[in-house]
Structures are given as C-alpha cells and as structure tokens.
Amino acid sequence: MELVEEKVAQILPRIGDKAPAFKAVTTQGEINFPEQFIGSWVILFSHPADFTPVCTTEFMTFATLEEKFAHANCKLVGLSIDGLFSHIAWLRTIKEKIEYKGMKNVEVKFPLIEDITMEVAKKYGMIQPGESSTKAVRAVFLIDPKGIIRALIYYPLSLGRNFDELYRALIGLQTADAFGVATPADWQPGDDVIVPPAGSCGVARDRMEGKDQGLTCYDWFFCTKKLAKETVLETLLKQ
Ligand code: BEZ
C-alpha cells in the first residue's frame, strides 16, 4: 500500500499531456476540470496552506492581476490542501484585514479548490514529499484552450512566485501559437522573435546570402524577425 501511495505522489503530468480531469468543490461552486474551461487558457496553481504569509501575498497579487489575465483569455484556478470553510475564512480575512504593498480590500473571485483528500494535488504531482508530504508545493500549470498542458513551473514552499513571469510565459505561448514563431531568452512583446529553422540546404544558403528579406540571421539555423508589440497585443488581447 505504501508503495502505491509513493507512486501516486510521483505522478507528474508532462508538457503536451491532456490536463488530468477532476470534479471539485471550490469557493466559487463545483467545477468540472478541464471540461468547463475548454476555449480558455487556464492557470491552475497550488499553494501550501491557507492563512500563511507567502500564500497571502501571492493570492493578493493574483487577484489584483485577474483582469489582466482575463484580457488574455486566461482564467485562474487555485488549490490547497485545506477545506472549503478554511478557504472562505482566509479569503474573507484577506479582503477585510490585509493591506500589503498598496493592495487592500482585495477580493479573490477566482475558484479556490478544496482538496483535503489530496486527490487533485496527487493527480498533478503537487505533493512532493521531499519538500512536504502534507502541503502542496507552489505548482503552476499553464493549460491551453484545448485542455493540453503547455508549461509547468514549480517553486518550493519558501519562494513566492513571480507573476510578471507567469504572464510573460502565457503571452509567449500564445505568441508562438498565433505567429508560428519561438521566443528567445527574456522575450517581451515587441522584441524580435525566432523563425523556424531552415528546413533545407537551399533555404539555409538563401538565408545566409540575405535573400530571405525581413530576417536577421546570426547563422543559418538562427534567424529572427521583427514582430511589433502592437501586432502581438492586438492579436492576443482582442477580446
Ligand atoms: C507561506 O505561504 O508563508 C508558507 C507556507 C508553507 C511553508 C512556508 C511558508
């Protein structure tokens, strides 16, 4: 039995996998995941426990940014190994009492999953016993509108997440899908993007001879092109 539990704790969905399905009780009613979110991007994230300071700063930050993510067609869903009443009490405390870095009266409107049984956390590899066997680590799953996991980011209990990076990752993935390009290190909208590599010797030669106009080639396998910030934002944030 112990071995089976150990195995379950080790399951880690991978990039390109279908997001594991579950039904759960949340602070916004029951959800059927990912089915009811098909058509939107989703950031599914776990946090260790309610009424803890790092998590409180993260929830306030995410709630403040919820509208910005919604503009990019992305919904937020949180999870911790706590019960519904604890979730409700914690979110009420945040709204009524906590003022932090200019954020106050913050209402968390996105669903927070109750997962006392750890059923959902185990499906998503959010329990990492080396860190804690009773608390979820700070996992982030970026899931696309077809319900496919496109990126995973994991942080330990002590390290609060960088929400600018989560937004950058979302926009980067959407840009790759919309424009058929890749994004280089530290890319931000408006920076040059990477075009697919040359698929034949002829294309490689043309690129190096400067025949493929609009490209900047650092070598035959590494060419970039301009992609205006307005084009990216108008395409992705049109809703
Ligand atoms: C926190 O969110 O503050 C926290 C939670 C679990 C362990 C350490 C810190």
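Analysis parameters
- Residues numbered from 1 in each chain as written.
- Predicted model: local features only at pLDDT ≥ 70, side-chain atom pairs only at ≥ 80, totals over all residues.
- Heavy atoms only, no water.
- Helix = DSSP H or I, 4+ residues; strand = E, 2+ residues; numbered from the N terminus.
- Buried < 20%, exposed > 50% of the residue type's maximum accessible area, 1.4 Å probe, protein only.
- Contact = heavy atoms within 4.5 Å.
- Areas by Shrake-Rupley, 256 points an atom, 1.4 Å probe, with all protein chains shown as cover.
- Pairing = 2+ DSSP bridges.
- Disulfide = S-S within 2.5 Å.
- Axes fitted to C-alpha atoms, helices over the stretch in contact; angles between N-to-C directions.
- Left-handed = near helix turned anticlockwise from the far one by under 90°.
- Nonpolar A, V, L, I, M, F, W, Y, C, P; charged D, E, K, R; others polar.
- Near = heavy atom within 4 Å.
- Polar contact = N/O pair within 3.5 Å; in protein donor to acceptor, adjacent residues only side chain to side chain.
- Expected span 1.5 Å × (residues − 1).
- Arc of directions from axis to C-beta.

A. Main features of the overall build of the chain. The helix and strand tally for the chain stands at seven helices and 10 strands. Considered along the principal axes of its C-alpha atoms, the chain spans approximately 65 × 45 × 30 Å. In the chain, which comprises 239 residues, the proportion classed as buried is 41%. Contacts spanning at least 24 positions in sequence make up 68% of the contacts within the chain whose residues lie at least 6 apart. A total of about 12,700 Å² of accessible surface is found on the chain, and carbon and sulfur atoms cover 54% of it.

B. Main features of the pairing of strand β6 (residues 138–143). Of all the six residues making up β6, six are buried; the element is thus mostly covered by neighbouring parts of the structure. Neither face of β6 is exposed, since Arg138, Val140 and Leu142 on one face and Ala139, Phe141 and Ile143 on the opposite face are all buried. Pairing of strand β3 (residues 41–46) with β6 involves four bridges; the strand directions are antiparallel. In the sheet register, Phe45 faces β6, and the bridge partner there is Val140. Taken together, the six bridges between β6 and strand β7 (residues 149–155) define a ladder with antiparallel strand orientation. The residue bridging Val140 from the neighbouring strand is Ile153, located in β7.

C. Highlighting the state of the cysteines. In total, this model carries one disulfide according to the counting rule given. Each disulfide pairs two cysteine sulfurs, and for Cys217 the partner residue is Cys223, the sulfurs being separated by 2.1 Å. Its S-S torsion of approximately 110° makes the covalent link between Cys217 and Cys223 right-handed. Taking relative accessible area as the criterion, Cys217 reaches 25% and is therefore assigned partly exposed. Overall, the relative accessible area of 1% leaves Cys223 in the buried class. Between Cys55, a free cysteine, and Cys74, which holds the nearest cysteine sulfur, the sulfur-to-sulfur gap is 19 Å. Free cysteine: Cys201, not disulfide-bonded; nearest cysteine sulfur from Cys223 at 14 Å. On the accessibility criterion, Cys201 (70% relative accessible area) is exposed.

D. Highlighting the packing of helix α2 (residues 53–71) against helix α5 (residues 163–179). Contact pair α2 / α5: the axes reach a minimum separation of 11 Å and the direction vectors enclose 30°. The way α2 lies across α5 gives a crossing that is right-handed. Across the interface between the two elements, Glu58, Thr61, Phe62, Leu65, Lys68 and Phe69 of α2 pack against Phe163, Leu166, Tyr167 and Leu170 of α5. For the contact of α2 with α5, the per-class residue count stands at seven nonpolar, one polar and two charged.

E. Fine view of the site of the ligand. Within the structure, the ligand sits among Pro48, Thr52, Pro53, Val54, Cys55, Arg138 and Leu157. Thr52 is positioned such that a nitrogen or oxygen atom in its side chain is 3.1 Å from an oxygen atom of the ligand. Pro53 is positioned with one of its backbone polar atoms (N or O) 3.2 Å from an oxygen atom of the ligand. Coverage of the ligand by the protein chains reaches 78% of its 260 Å² of free accessible surface. With three residues, the single largest contributor to the shell around the ligand is α2. In the shell around the ligand, the residues fall into five nonpolar, one polar and one charged.

F. Highlighting the environment of Lys95. The residue Lys95 is located in helix α3 (residues 84–97) in this model. Residues Lys95 and Val108, spaced 13 residues apart in sequence, show a C-alpha to C-alpha distance of 7.9 Å. In contact with Lys95, other than residues within four places in its own chain, are Asn105, Val106 and Glu107. Of note is the side chain of Lys95, whose polar atom sits 3.0 Å from the side chain of Asn105.

G. Quick peek at α3. Between its terminal C-alpha atoms α3 stretches 20 Å, which fits the 20 Å expected from 14 residues at 1.5 Å a residue. Within the span of α3, buried status applies to His87, Trp90, Leu91 and Ile94. On an axial view of α3, the arc spanned by its buried residues comes to 95°, and they lie on one face. Set apart from the buried face of α3 by more than 90 degrees, the exposed residues are Phe85, Glu96 and Lys97. Looking at the packing, one finds that the buried side of α3 touches α2, β4 (74–80) and β5 (112–114).

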